[in-house]
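Each chain, written out:
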Amino acid sequence: MKVLKDLLRDGKFAFGFFVLIFLIFLAILSFFSPYDPYRWNLVPRDMPPSLSHILGTTSRGQDVFWELCFAVRNSLIMSLIAGVLSRIIAILVGMIAGYKGGMADRFLMFVSDSFLVLPLFLIIVLIGSMAKARLNLVSLGLLLGVFGWAWDARVIRSQVLSLRERDFTYTSLLSGSRTMSLIFKEYMPFLTPLVFATFIGNVSWAIGMEITLAILNVLRIETPSLGTMLQWALNYQALLLGYWWWIGTPVVTSIMLFIALYLLSISVSEYLDPRMRVQRIGKA
Amino acid sequence: MQMVISTRELKSYYVLDVFGKGKVIKAVDDVNIDVRENEIYGIAGESGCGKSTLLKAIFGIMDPPLRLTAGKVLYFHKEQVYDLYSLNSEARRNLRWKFISYVPQGSMNVLNPVVKIKETFKDFLDSHLKGKTKSQYYEMAKEHLASLGLPPKILEAYPHQLSGGMRQRVTIALATLLNPKIIIADEPTTALDVVTQRGVIQLLRDIQSTLMNTIVLVTHDMGVQATMSTRIAVMYAGRIIEEAPTKKLFQDPKHPYTGYLIHSLPKFGDKSRRDSAPGSPPSLAALPLGCAFHPRCPYAFERCKSQTPTLKSYEPDHKVACWLMEER
Amino acid sequence: MNFVKRYLLPRLIIYFLVIFIGITTVFIIPRLLPTDPVLQTITRLRAQGAYMDPESTQRTIETLQELFGLKGSLSDQYLRFWQRLFKGDFGPSFFQFPTPVITLIKQSLPWTAALLLTTTLVSWFLGNILGGFAGYFSNQRWGRFLDYFAMVIRPMPYYILALGLLILLAYIFPIFPLGGGYTIGMRLTWSLNTLLTLLRHAFLPALSLLLIGTFVWFQAMKLVVQSVKNDDFVKYAEAGGIRLNKIATKYVIKNAMLPQITGLALSLGQIFSGALITEIVFSYPGLGTLLYNAIFTGDYNLLMGITAISILVVTTSILVIDLLYPLFDPRVRYK
Ligand SMILES: Nc1ncnc2c1ncn2[C@@H]1O[C@H](COP(=O)(O)OP(=O)(O)OP(=O)(O)O)[C@@H](O)[C@H]1O
Ligand code: SF4
Ligand SMILES: [Mg+2]
């Protein structure tokens, strides 16, 4: 709580935090939605925002506000799956490579190099376009998780390498604790800031990917998400027809979400990096 | 004798903010030293007692979180007195390398890794002299190295191609490039093997005897202090606790801590374990009240626990900060 | 020679291994997925109203299997896949039957390469120089201004930035064409006029890529510089009274560039992904548009061809940068 209070004093963090809280609130609200997001023509079509439909309605006869709640929920869930899975892989790979060194290190770094070098986006599109109907949000989250760890694993590895040089590893080794538990117990506190910052970055990458893939029409378009919402609006020429509330809602929401996540990640990494912190007071 | 540098009640603290909590590390506290012309002034003390910070304060490097908390640093240059911290940055820059130069701790890593050594020499010359061509600068660098007995060929090398000892010598050569009146050297012999250490010591000695300039030499190694310095100041927890000419200090150490430092020197033929001060040095962020040494001092008495002794002359040229001196 | 053994050889081995893995992935993915391209094509043909008796259906299936490289056992298919790849043969496109995939790619590649390579390199230089100075002189007002600007541009989804530019500079203020790579019906000849038209059409897509790219590099460089700034050799140069402009360029930026060179290599990996959205938004006639059509029409041969080509191009350019790297870092050169 104290930490949160400190962080909230930073304008960047406060902005990101409140935007995110608001979006999470929308996501929770979706559970109380009066409408089924999969059904069409539940409300009058193409209505501009009014008291009964605060963000208007779509050409599919859906309420934009409630659709947005579902979209935010699904996009967040998908990106969390991607973020958590890729964090697990990145931490494991980074720690093992950094700690074990030798052959294990060379092999794991080769794998992560290949992931970095290969045009993964095209491969994901290839997979997506071939599995079209089957690629729901959970499997998309898993897919992105499998592809999104390589760079972060490298970062974690180099951090582990520098931690390994410090004394406490030797003392713990002497006191005979088991390697894996040692790695986690001793290194995790130092790695947490990194893991957290890369997690935010990864979540934002996953949401962006979802939007891109939706626009490319390789996702299951019935599931509401920020991407499919935009895709429907584009599909029905909302821009041309002047239904700004329809196309504007996912666009503005995703811009806010990206900016919020981005500000959170800089603010948190600045807060956790002692050198930056010192510079901050040094200046003051 | 003519003074070159002097500090007046110098206080320099690291001011940190650790997860929202303020923390002050009193690395240099109330230091008064007078460095004279043509001497080798040694500063000794355990690791972490503030030696490097003192040098930085003397040289004028105040990067946050380090701050000048109070006091002054005076330079005596060409019949003039300069108050370092009241000068603007251009005036400060002009004094550097011409009046005072600096061999930082860990000199192995102070050379730009992606350019040849001669480039670094050129940059130093170029920034302080005017109106010479590139090749004239290279020529000057070559001559300078030759005069110090170092192979001019190293100018064509990259830093990582040189050994640690050679890099250390290069930084000493860089420091003497413009023949400054005073050179401050931070642990120039630490982390070198014994043979290389000898070479570096000899280099510093030669420089001092030919150029007749002043050297402030920081090292925790009392053996090096004994062979090099003409006068020694002993530092403990950010303060100078004793200062005397080398011979006097080694023959008649008055502060209990100095005694321990000297006894920690290995003696020829003595295989018994060396006697170092019991316990460990205090954290500079939370100093004990009174004399900072009292938790480790076998002679400590009531007064030591509440009042901090100040550095005072008890004999000509011999200053001590210990309550025992008052008791006698 | 030591350099060859320690630096060159491992990199070459990895280069070929990565290509091998990448191409194999391209081979495996369609075969792992539960969709059957042959069946899908037949269904599509039927849906288009083509009547087929069982015999001709069987013949069509065989021809299709041949064209998709799906004939024979898996290992046969795999071998043939490589053989055809070496000849540059990816089979015919389905979307523009029977034009070979390789011909389509050859037509589109120059557009994408010209647009993406220039913008990637220019934004790399621009971003690094701006970021370098802004990072070193971090108290200057212009640096902070760039920083705020970057904070808004950076997290913006590229699609939306591109769309915004298009609406602003082609629709509301019609300074630039709405799309395309050249004026429709124009003959591409070697003349100043042609060049100007090409540039005018490339301007908006290039601008959008430059904006995003420059600020991505700007921020990365700024972070690196802030850490290099605290390195011993920079502190020493400052202590030695070396002029600040010289420290910024020769000491800080020159060293901070090194990780950015690796970064450039990695960003080349994203070139083809970047091309996709750019070219869709600005209807630019490159590989991205081709890819988009391939995705929409389910043109597997074309998709696989583009993916395979981009794997080759990307890994090769990364290898080239990797091999050039020792020129900038003497520590690698003289080991
Ligand atoms: N950048 C910094 N931030 C915070 N504290 C610092 C910093 N640099 C040094 N200190 C602290 O200041 C105190 C004095 O450090 P200093 O480097 O001056 O000691 P020293 O006597 O030179 O030690 P050594 O023999 O190890 O070089 C130490 O306790 C150290 O932990
Ligand atoms: S003042 Fe007291 S505690 Fe400090 S050194 Fe002297 S006797 Fe020991
Ligand atoms: Mg020191």
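Just so it is clear, the structure is predicted and the values come from calculations on it, not from any experiment.

S.K.: I keep staring at the interface of chain A and chain C and nothing clicks. Help me out?
M.R.: Counting from both sides, the interface comprises 38 residues of chain A and, opposite them, 43 residues of chain C. Buried area between chain A and chain C, summed over both chains or domains, comes out near 3800 Å², and the portion from carbon and sulfur atoms is 79%. Of all residues in chain A, L122(A), M130(A) and Y262(A) bury the most surface against chain C, accounting for 18% of the area lost on that side. For the interface between chain A and chain C, the tally reads 0 salt bridges. Taken together, the links from chain A to chain C amount to 1 residue pair in polar contact (both at pLDDT 80 or more). Residues belonging to the side of chain A that touches chain C are distributed by class as follows: 28 nonpolar, 6 polar and 4 charged.

S.K.: Can you walk me through the coordination of the magnesium ion (ligand 3) in this structure?
M.R.: A four-donor tetrahedral metal ideally has 109.5 degree angles, and a six-donor octahedral metal ideally has angles of 90 or 180 degrees. Residue and element names in this part refer to chain B. Those donors, S52 (OG) and Q105 (OE1), are the protein atoms that reach the magnesium ion (ligand 3), and they lie 1.9 to 2.1 Å from it. With S52 in helix α1 (residues 51-59) and Q105 in the loop between β7 (100-103) and α3 (117-128), this pair connects stretches of sequence that are 53 residues apart. Under the relative-accessibility criterion, Q105 is labelled partly exposed at 42%.

S.K.: Would you take a moment to explain the sheet that holds strand β8 (residues 182-186) of chain B for this structure?
M.R.: Sheet strands pair via backbone hydrogen bonds, and the direction of the pair is either parallel or antiparallel. Residues and elements named next belong to chain B. If you walk across this open sheet you meet the 8 strands as β7-β8-β9-β4-β10-β11-β13-β12, and the pairing is mixed. Unpaired on one side and paired on the other, β7 and β12 (312-315) mark the two borders of the sheet. Within the sheet, the average angular offset between the axes of one strand and its neighbour, ignoring direction, is 20 degrees.

S.K.: Could you clarify how one ought to interpret the site of ligand 1 in this entry?
M.R.: Residue and element names in this part refer to chain B. Ligand 1 sits among 16 residues. The nearest are S47, G48, S52, T53 and Q105. In the environment of ligand 1, an oxygen atom lies 3.2 Å from a nitrogen or oxygen atom belonging to the backbone of C49. Separating an oxygen atom of ligand 1 from a side-chain N or O atom of Q105 is a distance of 2.7 Å. Starting from 630 Å² of accessible surface for ligand 1 in isolation, the protein chains cover 68%. Only β1 (3-18), β2 (21-31) and α1 provide two or more residues apiece to the shell around ligand 1.

S.K.: Explain the pairing of strand β5 (residues 66-77) of chain B here, please?
M.R.: In the case of a regular strand, side chains alternate between the two sheet surfaces. Residues and elements named next belong to chain B. Two elements, β5 and strand β6 (residues 80-83), share 4 bridges in a ladder whose sense is antiparallel. Counted as the bridge partner of H77 is Q80 from β6. Between β5 and β6, which follow one another and run antiparallel, lie 2 residues, and K78 among them has a positive phi close to 50 degrees.

S.K.: How should I be thinking about the nonpolar core in this particular structure?
M.R.: The tendency in soluble globular proteins is for nonpolar side chains to be buried as a group. Judged by nonpolar contacts, the single largest core of 263 residues is most densely connected at I5(B), L54(B), Y75(B), I100(B), F121(B) and I182(B). The leading source of residues in this core is helix α3 (residues 64-100) of chain A, at 16 residues. In this structure I100(B) touches I5(B), I58(B), F59(B), Y75(B), L95(B), P180(B), I182(B) and I184(B), once residues within four positions along its chain are discounted. Counting 21 residues, the second-largest nonpolar core is a separate cluster that includes A44(B), A237(B), I262(B) and A292(B).

S.K.: Just checking my understanding: could you explain the pattern of salt bridges for this structure?
M.R.: For the structure shown, the criterion picks out 27 salt bridges over all chains. The salt bridge partner of R296(B) is E46(B), with a shortest N-O separation of 3.2 Å. Highlighted residues: R296(B) in the loop between α9 (256-263) and α10 (302-306) and E46(B) in the loop between β4 (40-44) and α1, separated in sequence by 250 residues. Assessed through its relative accessible area of 6%, R296(B) is described here as buried. The partner of D123(B) in a salt bridge is K246(C), with the nearest N and O atoms 3.5 Å apart. Placement of the pair is D123(B) in helix α3 and K246(C) in helix α10 (residues 244-268), with the two residues belonging to separate chains. On the accessibility criterion, D123(B) (0% relative accessible area) is buried.

S.K.: What is the right way to read the side chain of D147(C) from this model?
M.R.: By the element assignment, D147(C) lies in helix α6 (residues 141-153). Excluding residues that lie within four positions of it along the chain, D147(C) makes contacts with F218(C) and K222(C).

S.K.: So what exactly am I meant to see when it comes to the pairing of β12(B) here?
M.R.: Residue and element names in this part refer to chain B. Judged from the 3 bridges that link them, β12 and strand β13 (residues 318-320) form a sheet pairing that is antiparallel. Paired with K312 across the strands is V320, a residue of β13. Where β12 folds back on β13, the antiparallel hairpin that results is connected by 2 residues, among which D317 adopts a positive phi of roughly 70 degrees.

S.K.: Explain the site of ligand 2 here, please?
M.R.: The local shell around ligand 2 consists of H255(B), P256(B), C291(B), F293(B), H294(B), C297(B), A300(B), C304(B), C322(B), W323(B) and L324(B). Broken down by class, the residue content of the shell around ligand 2 amounts to 9 nonpolar, 2 polar and no charged.

S.K.: For this particular structure, what's the right way to read the side chain of S6(B)?
M.R.: Tracing the backbone shows S6(B) in strand β1. A polar contact of 3.3 Å, which involves the side chain of S6(B), links it to the side chain of D34(B).

S.K.: Any chance you could explain helix α8 (residues 192-228) of chain C here in plain terms?
M.R.: Side chains of residues three or four places apart in an α-helix project in the same direction, reflecting 3.6 residues per turn. With 37 residues, α8(C) ought to run about 54 Å at 1.5 Å a step, yet its terminal C-alpha atoms sit only 46 Å apart, falling short of that. The axis of α8(C) is deflected most strongly, by about 40 degrees, at F203(C), and proline P205(C) appears within four residues downstream.

S.K.: Sorry, what's going on with helix α6 (residues 137-147) of chain A here?
M.R.: L137(A), L140(A), G141(A), L143(A), L144(A), G145(A) and F147(A) are the residues of α6(A) that are buried. Where α6(A) begins, the capping side chain belongs to N136(A), and its oxygen is found 3.3 Å from the backbone nitrogen of V138(A).

S.K.: Would you mind going over the confidence of the model for chain C with me for this structure?
M.R.: Regions with low pLDDT carry predicted coordinates that are not meant to be interpreted in detail. Per-chain confidence: chain C averages 83 in pLDDT, with 96% of residues scoring 70 or above. Two numbers describe this predicted complex: its pTM, 0.79, and its ipTM, 0.88.

S.K.: For this particular structure, what's the right way to read the packing of aromatic side chains?
M.R.: The way to describe two aromatic rings as a pair is by their centre distance and the angle between their planes. Going through the model one piece at a time under the given rule, you end up with 32 aromatic pairs over all chains. Ring geometry for F13(A) against F17(A): centres 5.6 Å apart, planes inclined by 15 degrees, an arrangement best described as stacked. Note that F13(A) and F17(A) are positioned in helix α2 (residues 11-29) at a spacing of 4 residues, about one turn of the helix. Taking the relative accessible area as the measure of exposure, F13(A) reaches 5% and is therefore buried. Judged by relative accessible area, F17(A) falls into the partly exposed class, the value being 22%. A ring pair is formed by W111(C) and Y284(C), whose centres lie 5.7 Å apart and whose planes are at 85 degrees; its orientation type is edge-to-face. You can see W111(C) sitting in helix α5 (residues 101-136) and its partner Y284(C) sitting in the loop between α11 (271-281) and α12 (287-297), a full 173 residues away along the chain.

S.K.: Looking at this model, I keep getting lost on the packing of α11(C) against α12(C). Mind explaining?
M.R.: The axes of two packed helices give the description: the angle between them and the distance between them. Residue and element names in this part refer to chain C. For the pair α11 and α12, interaxial distance at closest approach is 7 Å and the crossing angle is 80 degrees. Taken together, the axes of α11 and α12 lie roughly perpendicular to each other. Taken together, the residues of α12 that come into contact with α11 (itself represented by F272, A275, L276, E279 and I280) are L287, G288, T289, L291 and Y292. Looking at the contact of α11 with α12, its residues break down into 7 nonpolar, 2 polar and 1 charged.

S.K.: I would appreciate a short explanation of the environment of T120(B) in the present structure.
M.R.: Here T120(B) is to be found in helix α3. Along the chain, T120(B) and L155(B) lie 35 residues apart, while their C-alpha atoms are 9.1 Å from each other. Filtering out sequence-adjacent residues up to four positions away, T120(B) remains in contact with L111(B), V115(B), L174(B) and Y251(C).

S.K.: Explain the interface of chain B and chain C here, please?
M.R.: How big an interface is tends to be stated in terms of the accessible area lost upon association of its parts. Taken together, the contact between chain B and chain C spans 29 residues of the former and 22 residues of the latter. Between chain B and chain C, roughly 2300 Å² of surface is buried when both sides are summed, and carbon and sulfur atoms account for 55% of that area. There are 5 salt bridges connecting chain B and chain C. Across the pair K250(C) and D123(B) runs a salt bridge whose closest N-O atoms are separated by 3.0 Å. At the boundary of chain B and chain C, one finds 13 residue pairs in polar contact (both at pLDDT 80 or more). When residues of the side of chain B that touches chain C are traced back to their parent elements, those giving at least two are α3 and α5 (164-175) of chain B. Ranked by residue count, the leading element in the side of chain B that touches chain C is α3(B), at 8 residues.

S.K.: Explain the environment of G241(C) to me, please; I cannot follow it from the model alone.
M.R.: Relative to the helices and strands, G241(C) resides in the loop between α9 (232-239) and α10. Setting aside residues no more than four positions away along its own chain, G241(C) makes contact with R93(B), S127(B) and H128(B).

S.K.: Before we go on, may I ask you to explain empty space enclosed by the protein in this structure?
M.R.: If a probe as big as a water molecule is rolled over the atoms, it shows which places are left empty. Tallied over the entire structure, the rule returns 7 cavities of 30 Å³ or more. Looking at the largest cavity, it is lined by 14 residues, and the ones nearest its centre are F68(C), G69(C), F81(C), R84(C) and M304(C). A per-class count over the lining of the largest cavity returns 6 nonpolar, 4 polar and 4 charged. If you add up the space inside the second largest cavity, you get close to 70 Å³. Considering the residues around the second largest cavity, the lining is formed by S33(A), Y35(A), D36(A), P37(A), L42(A), V43(A), G61(A), Q62(A), D63(A), W66(A), E67(A) and F70(A). Residue classes in the lining of the second largest cavity are distributed as 6 nonpolar, 3 polar and 3 charged.

Conventions adopted
Residues numbered from 1 in each chain as written. Chains lettered and ligands numbered in written order. Predicted model: local features only at pLDDT ≥ 70, side-chain atom pairs only at ≥ 80, totals over all residues. Heavy atoms only, no water. Contact = heavy atoms within 4.5 Å. Buried area = accessible area lost by both parts, 1.4 Å probe. Salt bridge = Lys/Arg side-chain N within 4 Å of Asp/Glu carboxyl O. Polar contact = N/O pair within 3.5 Å; in protein donor to acceptor, adjacent residues only side chain to side chain. Nonpolar A, V, L, I, M, F, W, Y, C, P; charged D, E, K, R; others polar. Donors = N, O, S within 2.8 Å, 3.2 Å for Na, K, Ca; no water. Helix = DSSP H or I, 4+ residues; strand = E, 2+ residues; numbered from the N terminus. Buried < 20%, exposed > 50% of the residue type's maximum accessible area, 1.4 Å probe, protein only. Pairing = 2+ DSSP bridges. Axes fitted to C-alpha atoms, helices over the stretch in contact; angles between N-to-C directions. Near = heavy atom within 4 Å. Areas by Shrake-Rupley, 256 points an atom, 1.4 Å probe, with all protein chains shown as cover. Core = buried A, V, L, I, M, F, W, Y, C linked by side-chain atoms within 4.5 Å. Expected span 1.5 Å × (residues − 1). Bend = angle between axes of the 7 residues up to and from the residue. pLDDT = per-residue confidence, 0-100. Phe/Tyr/Trp six-rings, centres within 6.5 Å; stacked < 30°, edge-to-face > 60°. Parallel < 35°, antiparallel > 145°, perpendicular 65-115°, else oblique. 1 Å grid on protein atoms, 1.4 Å probe; cavity = no way out; pocket = protein on both sides within 12 Å on 5 of 7 lines; lining within 4 Å. Points joined across faces, edges and corners; volume = space filled by probe spheres on them.

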